[in-house]
Amino acid sequence: MTLIDLANPTRFLSLTAKILPWLAAATAILLAIGLYQSAMAPDDYQQGATVKIMFIHVPNAWLSMFVWGVMSLSALGTLVWRHPLADVSAKAAAPIGAAFTFLALVTGSLWGRPMWGTYWEWDARLTSVLILFLMYLGLIALWRAVEDPSRAARAAAVLTLVGAINIPIIKFSVDWWNTLHQPASVLRMGGSTLDKAFLIPLLVMAVAFSLLFITLHLAAMRNEILRRRVRALQMQQASQPRA
Amino acid sequence: MSLGPYASFIVWSYLLVALVVLILIGWIALDYRQQRARLRELEASGVTRRSGRGAADLS
Amino acid sequence: MTALLALLRRDIQVALRVGGGALIGVLFFLIVVVLMPFAVGPDLALLKKLGPAILWLGALLASLLTLDRLFAADHDDGSLDLLTMSRTPLELICLTKAIAHWLVAGLPLIVATPILGLLLNLDGDATVAVALTLLAGTPALTFTGMIGAALAVALRRGGLLLAVLVLPLSIPVLIFGVAASNAAVLEPAGFGAPLSILCALSLAGLVIGPLAAAASLRHGLD
């Protein structure tokens, strides 16, 4: 089974039908283990129980970047190899990525409130994630602005790749901007070294959320393929002379 | 398990994550059923794919 | 009446479907507001002071941005000609289109305001005040903007011409909107007067806007 074999949407559909239940089950089990472990994790000596927010904040933040990576690969697939599933994959990933980025922002803000005293601090990391979220929304708006899916795919692919190149630049400039006027004393989140008691639940949760993304992504891709079939059939129906 | 003085923030963040993930799952499942229903409707009205195979079946 | 309701429903549906771009205005609002701290610095005290002004400027620009499609899309596909020829008065048609546009483009801005208030460190009362002034003031923006949109479609020049025409007309709304929001933060007693003026501006716009837009459409499209 190579990537070329998957170029046939029908074969892709039968494959997803086979592996989706397994993926969903694995996700549910890992998520349950991760939630149990993070509930059992000890309190941080500095942050107290608030550190539990980390176990869902960090996986979401990780996914917010990972999904953009997946979309960039798909964009390459669209532009370079013209793989027929690449634009399906890119389109299906965008709303899911936006949702995870939104969750990273919200959990970060709920974590920041006890730590900083405000829901929002123009901290370099939070601000970069906010910009990433805005870029996701812009990308979704682009997908929704063009009616022909394959034309929209090429435009979105270019924007995704430009974004992938630009995100590190944005991150760097936001860091610079933030150190330029560093507000009083912002308590650094987490630390450079994490205790094992925190690290293991965090890793389990990160894997569980990644699996969750893969499951949702495959299911959304299946929807997108079916949507295109509906579109094709509707056009055929419109062009057929009425009997 | 005591959650300390900021219990509400922790519970809220977990609840929000659960809510958004459930919305995502629900949206995708609903979309799937909708597309399948539309495909069946189109097939029933006599439109066929060029390959001649059924559009609604997955294999 | 049924014709107007049908037009209202159609305009909302067209705006919400693929290619309609109803939510682009909110996205623009979000981005403009997020850009401000990069220009003035992440000083929360300063942002709190500037907050109402930033939100109002963002809302003003966002509601202008989406206005140029108000008549242009209908002009492109020819339905505007049908609308001008119909038996329903053109003024009422313009009013209906403005209301539909406000529902899909203006209302989401007000819904987004609390989130943006959080980013600008506004407290609850100030956020509610800004949202309230936006609720009172954005209809005035839509109605004055509609005049510009009608002129622009009649002259076949869209985009920036509309902004240049309409921005000076919207200065009073901006003045009283920011004044009311600031009053709510600083001295709650002075909140009523500017808010009433804002409502008055919206009501005046409700009358003048459709009349002027219909007139310029009639003269422009022949």
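For the structure itself, consult the block above.
Residues numbered from 1 in each chain as written. Chains lettered and ligands numbered in written order. Predicted model: local features only at pLDDT ≥ 70, side-chain atom pairs only at ≥ 80, totals over all residues. Heavy atoms only, no water.

Enquirer: So what's going on with the overall build of chain C? Which residues, and what values?
Expert: When helices and strands are tallied, chain C shows 10 helices and zero strands. Relative to the globule expectation of 17 Å for 222 residues, the C-alpha radius of gyration of chain C, 18 Å, shows essentially globular dimensions. Across its three principal axes, chain C shows a C-alpha extent of roughly 55 × 35 × 30 Å. By the burial criterion, 49% of the 222 residues in chain C qualify as buried. Of the roughly 10,100 Å² of accessible surface on chain C, a fraction of 73% belongs to carbon and sulfur atoms. For chain C, the separation between the mean place of its 11 positive charges and that of its 12 negative charges on side chains is 6 Å. (Helix = DSSP H or I, 4+ residues; strand = E, 2+ residues; numbered from the N terminus. Rg over C-alpha atoms; globule rule 2.2 N^0.38 Å. Buried < 20%, exposed > 50% of the residue type's maximum accessible area, 1.4 Å probe, protein only. Areas by Shrake-Rupley, 256 points an atom, 1.4 Å probe, with all protein chains shown as cover. Lys, Arg positive; Asp, Glu negative; His and termini not counted. Charge placed at Lys NZ, Arg CZ, Asp CG, Glu CD.)

Enquirer: Just give me the short version of the packing of helix α2 (residues 24-40) of chain C against helix α6 (residues 90-119) of chain C, but keep the residues and values in it.
Expert: Packed helix pairs are specified by the crossing angle of their axes together with the interaxial distance, meaning the distance between the axes. Residues and elements named next belong to chain C. In contact at an axis separation of 10 Å, α2 and α6 are set at 25° when each is read in the N-to-C sense. Between α2 and α6, the interaxial angle falls into the category roughly parallel. Once α2 is placed against α6, the crossing between them reads as right-handed. Between α2 and α6, the contacting residues are Gly25, Val26, Phe29, Leu30, Val33 and Val34 on the first element and Pro108, Leu109, Ala112, Thr113, Leu116 and Leu119 on the second. When the residues that make up the contact of α2 with α6 are grouped by side-chain class, the tally is 10 nonpolar, two polar and no charged. (Axes fitted to C-alpha atoms, helices over the stretch in contact; angles between N-to-C directions. Parallel < 35°, antiparallel > 145°, perpendicular 65-115°, else oblique. Left-handed = near helix turned anticlockwise from the far one by under 90°. Contact = heavy atoms within 4.5 Å. Nonpolar A, V, L, I, M, F, W, Y, C, P; charged D, E, K, R; others polar.)

Enquirer: Before we move on, can you summarise the interface of chain A and chain C with the specific residues and values?
Expert: Of the residues lining the interface, 20 residues belong to chain A; the matching set on chain C comes to 18 residues. Carbon and sulfur atoms make up 77% of the surface buried where chain A meets chain C, a total of about 1,700 Å² over both sides. Contact with chain C buries surface across chain A, with Trp122(A), Leu134(A) and Arg144(A) losing the most and accounting together for 37% of the total. Our count for the contact surface shared by chain A and chain C stands at zero salt bridges. The tally of links between chain A and chain C comes to one residue pair in polar contact (both at pLDDT 80 or more). Every element with two or more residues in the side of chain A that touches chain C is listed here: α4 (124-145) and α5 (149-180) of chain A. In terms of residue count, α4(A) provides more of the side of chain A that touches chain C than any other element does, nine residues in total. For the side of chain A that touches chain C, the per-class residue count stands at 12 nonpolar, five polar and three charged. (Buried area = accessible area lost by both parts, 1.4 Å probe. Salt bridge = Lys/Arg side-chain N within 4 Å of Asp/Glu carboxyl O. Polar contact = N/O pair within 3.5 Å; in protein donor to acceptor, adjacent residues only side chain to side chain.)

Enquirer: Give a detailed account of α2(C), specifying residues and quantitative values.
Expert: All names here are of chain C. For α2, spanning 17 residues, the distance from its first C-alpha to its last is 25 Å, which sits close to the expected 24 Å at 1.5 Å a residue. Among the residues making up α2, those that are buried are Gly25, Val26, Leu27, Phe29, Leu30, Val32, Val33, Val34 and Pro37. Glycine 41 occupies a position one or two residues after α2 and carries a positive phi of about 100°. (Expected span 1.5 Å × (residues − 1).)

Enquirer: So what about the interface of chain B and chain A? Which residues, and what values?
Expert: Taken together, the 34 residues of chain B in the interface contact 41 residues of chain A. Summed over both sides, the interface of chain B with chain A buries roughly 3,400 Å², with 75% coming from carbon and sulfur. Applying the counting rule to chain B against chain A returns one salt bridge. Here Asp31(B) ties to Arg227(A) by a salt bridge, and the two come within 2.9 Å at their closest N and O atoms. For the pair chain B and chain A, the number of links is four residue pairs in polar contact (both at pLDDT 80 or more). By residue class, the composition of the side of chain B that touches chain A is 21 nonpolar, seven polar and six charged.

Enquirer: I'd like to hear about the nonpolar core, residue by residue, with values.
Expert: By size, the foremost hydrophobic cluster in this structure holds 117 residues, and its most contacted members are Met71(A), Ile96(A), Trp122(A), Phe209(A), Phe213(A), Phe29(C) and Leu55(C). Discounting chain neighbours no more than four positions away, the residues touching Phe213(A) are Leu63(A), Phe66(A), Val67(A), Val70(A), Ala93(A), Ile96(A) and Phe100(A). In this structure, Leu90(C), Cys94(C), Ala150(C) and Ala214(C) belong to the second largest nonpolar core, which totals 23 residues. (Core = buried A, V, L, I, M, F, W, Y, C linked by side-chain atoms within 4.5 Å.)

Enquirer: Go over the side chain of Ser89(A), please, and point to the residues and values.
Expert: Residue and element names in this part refer to chain A. Considering the arrangement of structural elements, one finds serine 89 in helix α3 (residues 84-116). Here serine 89 falls in the buried class, since its relative accessible area comes to 8%. Not counting residues within four places of it along the chain, the set of residues in contact with serine 89 comprises Val70, Ser74, His217 and Met221.

Enquirer: I'd like a rundown of the pattern of salt bridges, residues and numbers included.
Expert: Throughout the structure, instances matching the rule amount to 11 salt bridges over all chains. Measuring nitrogen to oxygen at the nearest pair gives 3.2 Å for the salt bridge that ties Glu224(A) to Arg227(A). Separated by three residues within a single helix, Glu224(A) and Arg227(A) lie in helix α6 (residues 196-239), roughly one turn from each other. By relative accessible area, which is 29% here, Arg227(A) ends up partly exposed. One salt bridge in this structure joins Glu91(C) and Arg218(C), with 3.4 Å as the shortest N-O distance. Note that Glu91(C) is positioned in helix α6 and Arg218(C) in helix α10 (residues 192-220), a separation of 127 residues in sequence. Of the residues examined, Glu91(C) reaches a relative accessible area of 22% and is grouped as partly exposed. Bridged by salt links that share partners, the residues Asp87(A), Lys91(A), Glu224(A), Arg227(A), Arg228(A) and Asp31(B) form one connected network.

Enquirer: Account for a nonpolar patch on the surface, with residues named and values stated.
Expert: Residues and elements named next belong to chain A. A grouping of Leu73, Leu76, Leu79, Val80, Trp81, Val158 and Val162 is seen on the molecular surface, where their side chains present a nonpolar patch of about 670 Å² in accessible area. Those elements that provide at least two residues to the nonpolar patch are α2 (54-81) and α5. The leading source of residues in the nonpolar patch is α2, at five residues. When you line up the elements, valine 162 lands in helix α5. (Patch = residues over 30% accessible without salt bridge, like charges linked within 9 Å, V, L, I, M, F, W, Y side chains within 5 Å.)

Enquirer: Which residues make up the environment of Val153(C), and what values go with them?
Expert: Residues and elements named next belong to chain C. Residue position: valine 153 is located in helix α7 (residues 124-155). Residue valine 153 is classed as buried on the basis of its relative accessible area of 7%. Valine 153 sits 28 residues away from serine 181 along the chain, and the two C-alpha atoms are 34 Å apart. Non-local contacts of valine 153, meaning those with residues more than four positions away in its chain, are made with Phe71, Ala72, His75, Leu80 and Leu217.

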